[in-house]
Amino acid sequence: MTQIQLAAARAARRQLSRFASRNNGWRSSPLLCHRSVDVASSISRSSSANQQWSNTQYHQVSFMSTEAAKSDDSSGEEMEFQAETRQLLDIVTHSLYTDKEVFLRELVSNASDALEKLRHVQATGTISGSGGDQESIPLEIRITTDEASNTLTITDTGIGMTKEEMVSNLGTIARSGSKAFVHEMNLKAQGADPTTDVDPFGEGIIGRFGVGFYSGFMVSDKVDVRSKSAGKVSNNETESTESNDDPIVWESTGTGKYSISALSEDIRQDRGTSVVLHLKPELSQYSNESTIETILKKYSNFVGFPIFLNGNRVNTIDAIWLQEPKTVDEEKHSAFYKYVSHMHDEPLSTIHFRMDAPLDIKALFYIPSFHQEKYGMGRMEPGVSLYSRKILIEAKSPDILPDWCRFIKGVVDSEDLPLSISREKPQDSALVGKMRKALTRKLISHLSKMMRKEPEKYKDEFYKEYNFFLKEGICQDFESQQQLSKLLYFETSKGMAGELVSLDEYVSKCPPEQNDIYYLFAPSRELALQSPYMETFLKSKREVIFIYSAIDDFVMANLKQFEGRNLLSADRSELNIKDDDDAEKDDKDSSDDSDVAKGLTSSEATDFCAWFQTTLASKVSKCKTTNRLSSSPAVITDNESGALRRMMRMVETSEGGTSSNSMPLPKQTVEINPKHEIIVGIHRLKEKDPMLAEVLAEQVVDNCLVAAGLLDDGRTMLPRLNDLMLCIVKNNVKEESGEEDSKKES
């Protein structure tokens, strides 16, 4: 070995040691593993380049080999990689996975791969020497717990391993035997008869990275691998070496060394492989049957081969999301829904589909008949889990669907999704984002279809239960706003109580000249119909959408437009609504009333607005006349959202705030009805009794705030109302006294 190789290896060793010491105690991080593998790869690339440069050949050693690298040149320099190998193994087994329980998922996946390999070579006839009793052994996985000896054994009846395969597959970190086997079989399939009816291989193989086996060292002090090969597997050119008739055992404590020897005759090992974990004393819970059963049902419940735990079948539910949607009946859906949702009701709707863009996806979604948030049980977690080849990757993944879809229960399975080495998270965030958009569009499309074909079911069952989530989606998921807005229903001023119409239906009934959509926020339908803001719409016979909750107000504020039409609140000053003939007739008739009904002249109205604005300068920023009112004296316009203000107060209260330190109400724009008797009367009183006129004007403003839903505390009006009532009582008493005195005099 050259001096360049030696220096590079020493530098890499120091770098890896410093990195490991700095990150001691870190939990799982794919980046940590990538950094370690990158260091090892750098050493390999540097050694390879220098090897070609110096024309020196040397023997390649696996990561876990205890043999030092030697050069064929007697004058060459020897160097051991044992320290780096132990460090790399330590990183793989202790810093790669977030949860220790994942080791069982990895080992069961390896066992499933071994069974899948045997199934394939038997189907293709590429294995020999496995006849007789071997054919009668069922393909299955058996797991045995032993609390007395604190061991856990995972046994499969799969293809098994020879000594050479043990050295190759178990003695080399990050070499995937399953991946290599798939590649070899695919090469062979390329030269096969295209008319041969053989299933495409690789779909049932789980392993990819070649590190899952070493997760067993997270929970054990020692690992024994006992194996008996199923026979000889031929490749494209030649056959593999003769398989051992006798079983062998691979043993390691995970410190960088391992041994392979013949298995003792006292221990029985049939075709396949048994992994025996000698558990660490502090992790003895993994020798408990109930603990192992819980982990199996969480991660490996849909493995394609039977799993027996201490003789009892564990995985009894089929992965029905992989089946053709038309072949799955309601009974299977009911059972699977109860499994994934942990609920006992029947699903309201089922969404079972497959997609091939942006990647191959098999998904099964359920809409429950009810959700738990309304019962005060707190915010629900995401209800959809991510699988890859029937193995759980991430339970209740927050990345699959938007947060507003958290009521959906189900699974998404993708064989093409790039995963981190620990197989606990998707790796390509951009691709996951595209998958998320595609799944969201599919879900919205399903709801739209239900809305069209089953309107009663949609309104009475789905929308009644889940309308809040749709509205939350409009406020959060801006890419889906327009599609979600088509799923909303509201009451309107022209409909009956409880009668709902969609925005599309509202638009279809609009007159040609109407370019906007009008809505009014009110606590109830009765108050909405009595609102002063409705007067101009009643005169013009325009339909108004009624909204009753804060989330509805947020929806309208966020949506802003629908199908090119602006969404306008009824309290906006820029409303341009022309009265119809009936309204004009009513105005003409009203002009024939008494002088009081005729109202203020233009100059009087201007004078009154100036006085009103000056007198109530602390509350009023602007005062002007309007013709939108008929039976109300005044309204405020262009005000802030009452719902937003209530939400802000609620947030302040939840954070320990009080009304005394809340944001003060800004000055308002007041529009007065110059024909109303109250306005005319106040105008006359402001000269005769200025104090009473000021009190009445202040009450008019507060009435407007109440109508707009902006008055923080109505109790502030009580002293003023008492004064007004006292004034009325005194005036009446004086009038009665005057009448009595006049009678006596007469």
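Before any of the text, the structure's been laid out above.
Residues numbered from 1 in each chain as written. Predicted model: local features only at pLDDT ≥ 70, side-chain atom pairs only at ≥ 80, totals over all residues. Heavy atoms only, no water.

A.B. asks: Help me get a handle on the packing of aromatic side chains, residues and values and all.
C.D. replies: Counted by the stated rule, this structure contains 28 aromatic pairs. An angle of 75° between the planes, with centres 4.8 Å apart, marks the rings of F302 and W321 as edge-to-face. Note that F302 is positioned in the loop between α8 (289-299) and β9 (307-309) and W321 in the loop between β10 (312-313) and α9 (330-341), a separation of 19 residues in sequence. Seen from their ring centres, F336 and Y339 are 6.2 Å apart, and the 40° between their planes marks the pair as tilted. One end of the pair is F336 and the other is Y339, both in helix α9 and three residues apart, which spans about a single turn. Among the aromatic residues, those joined into a ring-pair cluster are F407, Y458, F462, Y463, Y466, F468, F469 and Y489. In this structure, R142 packs its charged tip against the face of F308, placed 4.4 Å from the ring centre. (Phe/Tyr/Trp six-rings, centres within 6.5 Å; stacked < 30°, edge-to-face > 60°. Helix = DSSP H or I, 4+ residues; strand = E, 2+ residues; numbered from the N terminus. Lys NZ or Arg CZ within 6 Å of the ring centre and 35° of its normal.)

A.B. asks: Requested: an account of the sheet that holds strand β18 (residues 516-521), with residues and values cited.
C.D. replies: Overall, mixed pairing links the six strands, which are arranged β17-β16-β19-β18-β21-β20 in an open sheet. Across the chains shown, the open sheet's two edge strands, defined by having one partner strand only, are β17 (501-502) and β20 (561-562). Of the pairings in the sheet, the one linking strand β16 (residues 489-492) to strand β19 (residues 545-547) comprises two bridges and is antiparallel in character. Within the sheet, the bridge partner assigned to T492 lies in β19 and is I545. (Pairing = 2+ DSSP bridges.)

A.B. asks: So what's going on with unusual backbone geometry? Which residues, and what values?
C.D. replies: Despite not being glycine, R389 shows a phi value in the positive range, around 55°. If you trace the backbone, R389 turns up in the loop between β13 (384-388) and β14 (391-394). A positive phi angle, near 50°, is found at K396, a position not held by glycine. Along the chain, the position of K396 falls in the loop between β14 and β15 (409-413).

A.B. asks: Just give me the short version of the packing of helix α21 (residues 677-688) against helix α22 (residues 690-708), but keep the residues and values in it.
C.D. replies: For the pair α21 and α22, interaxial distance at closest approach is 7 Å and the crossing angle is 150°. Considering the angle they form, α21 stands roughly antiparallel to α22. Classified by chirality, the crossing of α22 by α21 is left-handed. Facing α21, whose interface residues are I678, I682, L685, K686, E687 and K688, α22 presents P690, L692, A693, L696, A697 and V700. Classifying every residue of the contact of α21 with α22 gives nine nonpolar, no polar and three charged. (Axes fitted to C-alpha atoms, helices over the stretch in contact; angles between N-to-C directions. Parallel < 35°, antiparallel > 145°, perpendicular 65-115°, else oblique. Left-handed = near helix turned anticlockwise from the far one by under 90°. Contact = heavy atoms within 4.5 Å. Nonpolar A, V, L, I, M, F, W, Y, C, P; charged D, E, K, R; others polar.)

A.B. asks: Before we move on, can you summarise the side chain of S540 with the specific residues and values?
C.D. replies: Mapped onto the elements of the fold, S540 is located in helix α15 (residues 535-540). Overall, S540 belongs to the buried group, its relative accessible area being 8%. In terms of polar contacts, S540 uses its side chain to reach the backbone carbonyl oxygen of T536, at 2.9 Å. (Buried < 20%, exposed > 50% of the residue type's maximum accessible area, 1.4 Å probe, protein only. Polar contact = N/O pair within 3.5 Å; in protein donor to acceptor, adjacent residues only side chain to side chain.)

A.B. asks: Tell me about the nonpolar core, and please be specific about residues and values.
C.D. replies: Ranked by internal contacts, the top residues of the largest apolar core, which has 99 residues, are F365, V412, L439, Y458, F462, L470 and F612. Sort the elements by how many residues they give to this core and helix α10 (residues 429-453) lands first, with 10 residues. When residues no more than four places from it in sequence are discounted, the contact partners of L470 are W404, L447, Y458, F462, Y463, L484, L487 and L488. If you look at the next biggest cluster of nonpolar residues, it comprises 60 residues, including V92, Y97, L104 and I154. (Core = buried A, V, L, I, M, F, W, Y, C linked by side-chain atoms within 4.5 Å.)

A.B. asks: Tell me about the sheet that holds β10, residues and numbers included.
C.D. replies: Taken in spatial order, the eight strands line up as β7-β6-β4-β8-β3-β2-β9-β10 in an open sheet, and their pairing is mixed. Of all strands in the sheet, those bounded by a partner on one side alone are β7 (258-262) and β10. Two elements, strand β4 (residues 220-228) and strand β8 (residues 272-279), share eight bridges in a ladder whose sense is antiparallel. Along β8, the bridge assignment pairs S227 with T273.

A.B. asks: Give a description of a nonpolar patch on the surface that names residues and reports values.
C.D. replies: Taken together, the side chains of L718, L721 and M725 define a hydrophobic patch exposed on the protein surface, amounting to about 260 Å² of accessible area. Position of L721 relative to the elements: it lies in helix α23 (residues 718-745). For L721, a relative accessible area of 31% translates into the label partly exposed. (Patch = residues over 30% accessible without salt bridge, like charges linked within 9 Å, V, L, I, M, F, W, Y side chains within 5 Å. Areas by Shrake-Rupley, 256 points an atom, 1.4 Å probe, with all protein chains shown as cover. Salt bridge = Lys/Arg side-chain N within 4 Å of Asp/Glu carboxyl O.)

A.B. asks: Which residues make up the pattern of salt bridges, and what values do they have?
C.D. replies: Overall, the coordinates contain 35 salt bridges when judged by the stated rule. We note a salt bridge from K396 to E381, for which the minimum N-O separation is 3.1 Å. Here E381 lies in the loop between β12 (361-367) and β13 and K396 lies in the loop between β14 and β15, a separation of 15 residues in the sequence. Overall, K396 belongs to the partly exposed group, its relative accessible area being 42%. Taken together, the shared-partner salt bridges in this structure form one network comprising E373, R379, D403, R406 and E472.

A.B. asks: Got a sec to walk through the pairing of β7? Specific residues and values, please.
C.D. replies: The pairing of strand β6 (residues 248-252) with β7 spans five bridges and is antiparallel. Within β7, the residue paired with V249 across the bridge is S261. Taking the residues that link successive antiparallel strands as the turn, the β6-β7 hairpin has five residues, and the phi of G254 there is positive, at about 75°.

A.B. asks: Please give an account of the side chain of D224 that cites residues and values.
C.D. replies: Of note, D224 is situated in strand β4. A relative accessible area of 5% means that D224 is categorised as buried. In terms of polar contacts, D224 uses its side chain to reach the side chain of H278, at 2.9 Å. Non-local contacts of D224, meaning those with residues more than four positions away in its chain, are made with V249, W250, E251, S274, V275, V276 and H278.

A.B. asks: Any chance you could break down helix α4 (residues 102-124) for me, citing the residues and the numbers?
C.D. replies: For α4, spanning 23 residues, the distance from its first C-alpha to its last is 33 Å, which sits close to the expected 33 Å at 1.5 Å a residue. Trailing α4 by a residue or two, G125 shows a phi angle of about 70°, which is positive. (Expected span 1.5 Å × (residues − 1).)

A.B. asks: Explain the pairing of β15 residue by residue, including any values.
C.D. replies: Of all the five residues making up β15, five are buried; the element is thus mostly covered by neighbouring parts of the structure. The two faces of β15 match: K409, V411 and D413 on one face and G410 and V412 on the other face are all buried. Judged from the four bridges that link them, β13 and β15 form a sheet pairing that is parallel. Along β15, the bridge assignment pairs S385 with V411.

A.B. asks: Tell me about the environment of H342, and please be specific about residues and values.
C.D. replies: Looking at the element boundaries, H342 is found in the loop between α9 and β11 (349-355). On the accessibility criterion, H342 (64% relative accessible area) is exposed. Each C-alpha atom, one on H342 and one on K409, is 9.7 Å from the other, the two residues being 67 residues apart in sequence.

Remember, this is a structural readout, not a statement about activity or role.
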